[in-house]
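So you can see what is in the structure, the chains are spelled out below.
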Amino acid sequence: MTDIESTNRDDVAQHELESSLTARVVRSFGESPDDRLGFIMTSLTTHLHSFLREVRLTEDEWARGIEFVTAAGHITDDRRQEFILLSDVLGASMQTIAMNNPVVGDATEATVVGPFFTEESPEIPLGGDMAGGASGRPCWVEGTVTDTAGVPLAGARIDVWEADSDGFYDVQYDDGRAAGRGHLYTDDVGGYRFWGLRPVPYPIPHDGPVGELLAAVGRSPMRASHLHFKVSSEGMRTLITHIFVEGDELLESDAVFGVRDSLTKKFVEHAGGSSTPDGRDLGDSAWSSVRFDIVLSSVPS
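Because the structure is predicted, anything quoted here is derived from the model rather than measured. (Residues numbered from 1 in each chain as written. Predicted model: local features only at pLDDT ≥ 70, side-chain atom pairs only at ≥ 80, totals over all residues. Heavy atoms only, no water.)

## Quick look at empty space enclosed by the protein
Where empty space is left becomes clear once a probe the size of a water molecule has been rolled over the atoms. Note the threshold: Only protein atoms enter the 1 Å grid, on which a cavity is a set of points fitting a 1.4 Å probe that cannot get out and a pocket is an open set with protein on both sides within 12 Å along at least 5 of 7 lines, lining residues being those with an atom within 4 Å of a point. Grid points are joined across faces, edges and corners, and a volume is the space filled by probe spheres set on the points.
Tallied over the entire structure, the rule returns three cavities of 30 Å³ or more. As for the largest cavity, its lining consists of Leu-85, Asp-88, Val-113, Gly-114, Pro-115, Phe-116, Tyr-202, Ile-204, Pro-205, Arg-223, His-228 and Val-256. Roughly 50 Å³ of volume is contained in the second largest cavity. Lining the second largest cavity are Ala-134, Glu-162, Ala-163, Asp-164, Phe-168, Tyr-169, Asp-170, Tyr-173, Arg-177, Ala-179 and Gly-180.

Take a look at the structure:
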């Protein structure tokens, strides 16, 4: 037998060994009492084994991967979710959102929730200030909430949250503050309005394993300037989205791929001393304003 023939035989044997292992693992999920779970695990196994074989993962690389996942678990707590960050920077979060929020007429597009949403936030009145003492330039935000037929949705709940001028959310501080966060309800004609802060760019938390990964591959941890919204109304699909600042240089390189053209809005700048929509006295402070009309789709029947 020639060396070439021997090599070819060994290659065939190796291929059969690897293929048979994948087949055995796939079969192990064949009796799952949960059909959906069985399908997911079968597909996951098939794609995972294909990935391993395609890149010819070394044992050292496998060990480093295990160390990475372990480190992500260790740094995760009730205030920080490293696995959401990992999902975000891999585009898995946005892909899942895209699949689960199909285009429906002119309904507002969804984007990532991010790791800093909390279920509890202070209620603010219409026209109130959600900044809560957080630093930054005041920004007047207003708009309407309607369904896809243009019918106003009265009493819709709007949760909003954002970073301060230093790029930090309230939950990243250790003093228990509630700032840059709040919720309010639309009026009888679906209108809403509140004072917040003009969004600024900031880095996702990059002092952990996800940050090390981004640095290793030469990617920036910076997010484009944005303001978060969660909007809910009875009978309608709950929307989680952002608005982004038109002209932001990070729109094309947002670390979590969350930017959508329809969510990029013009933030109008106003000089200090100029009149505000509600008569608020800001003294000589400059301020901004933006309009964001929100369209919710109905829950599928």
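Let's pick the thread back up.
## A few points about the packing of aromatic side chains
Selection rule: Only Phe, Tyr and Trp rings take part, Trp by its six-membered ring, and two of them pair if their centres are within 6.5 Å. Stacked means planes under 30 degrees apart, edge-to-face means over 60, and tilted covers everything else. Strands are runs of DSSP state E lasting at least 2 residues, helices are runs of H or I lasting at least 4, and numbering of each runs from the N terminus. Burial classes: relative accessible area under 20% of the type maximum marks a residue as buried, over 50% as exposed, and values in between as partly exposed (1.4 Å probe, protein chains only).
What the rule picks out here adds up to ten aromatic pairs. Ring geometry for Tyr-169 versus Tyr-202: centroids 5.4 Å apart, planes at 80°, classification edge-to-face. With a gap of 33 residues between them, Tyr-169 in the loop between strand E2 (157-161) and strand E3 (181-185) and Tyr-202 in strand E5 (residues 202-203) connect regions that are remote in the sequence. With relative accessibility at 0%, the residue Tyr-169 sits in the buried group.

## A word on the side chain of His-183
This is how the line gets drawn: Polar contacts, as used here, are pairs of N or O atoms within 3.5 Å; protein pairs need one atom able to donate a hydrogen and one able to accept it. Residues neighboring in sequence count only if both atoms are side-chain atoms. Note on contacts: a residue pair is in contact if any heavy atoms of the two residues lie within 4.5 Å.
Turning to its location among the elements, His-183 is positioned in strand E3. Classification of His-183 by relative accessible area gives buried; the value is 8%. For His-183, the side chain forms a polar contact with the side chain of Arg-157, separated by 3.4 Å. Setting aside residues no more than four positions away along its own chain, His-183 makes contact with Ser-121, Pro-122, Glu-123, Ile-124, Arg-157, Ile-158 and Asp-159.

## Digging into the sheet that holds E3
Threshold: Being paired, for any two strands, means DSSP has found at least two bridges between them.
As summarised here, the arrangement of the five strands in space is E3-E2-E7-E8-E9, forming an open sheet in which the pairing is mixed. A strand with exactly one partner marks an edge of an open sheet, and here the two such strands are E3 and strand E9 (264-265). Sheet topology note: the E2/strand E7 (residues 226-232) ladder contains five bridges and is antiparallel. Counted as the bridge partner of Asp-159 is Lys-230 from E7.

## Structural notes on the nonpolar core
The condition that has to hold: Throughout this description, the term nonpolar core refers to a set of buried Ala, Val, Leu, Ile, Met, Phe, Trp, Tyr and Cys residues connected via side-chain atoms within 4.5 Å.
With 41 residues, the main nonpolar core has Val-145, Tyr-192, Phe-194, Phe-229 and Ile-294 as its most contacted residues. A total of four residues in this core trace back to one element, the largest contributor, which is strand E8 (residues 239-245). Apart from residues no more than four positions distant in its own chain, Phe-194 is found in contact with Ile-124, Gly-127, Gly-128, Met-130, Cys-139, Trp-140, Val-141, Val-160, Leu-184, Leu-227 and Phe-229. Counting six residues, the second-largest nonpolar core is a separate cluster that includes Phe-116, Ala-163, Tyr-169 and Tyr-202.

## Structural notes on the packing of helix H3 (residues 59-75) against helix H4 (residues 82-89)
We apply this condition: Axis angles are defined between N-to-C directions and span 0 to 180 degrees, where every axis is a line fitted to C-alpha atoms and, for a helix, only to the segment in contact. For classification purposes, an angle smaller than 35 degrees is called roughly parallel, one larger than 145 roughly antiparallel, one from 65 to 115 roughly perpendicular, and anything else oblique. Side-chain classes follow a simple rule in which Ala, Val, Leu, Ile, Met, Phe, Trp, Tyr, Cys and Pro form the nonpolar group, Asp, Glu, Lys and Arg form the charged group, and the remainder, Gly included, forms the polar group.
Contact pair H3 / H4: the axes reach a minimum separation of 8 Å and the direction vectors enclose 130°. The angle between H3 and H4 falls in the class oblique. Each of Phe-68, Val-69, Ala-72, Gly-73 and Ile-75 in H3 lies in contact with H4, whose residues at this interface are Glu-82, Phe-83 and Leu-86. Across the contact of H3 with H4, the residue classes tally to six nonpolar, one polar and one charged.

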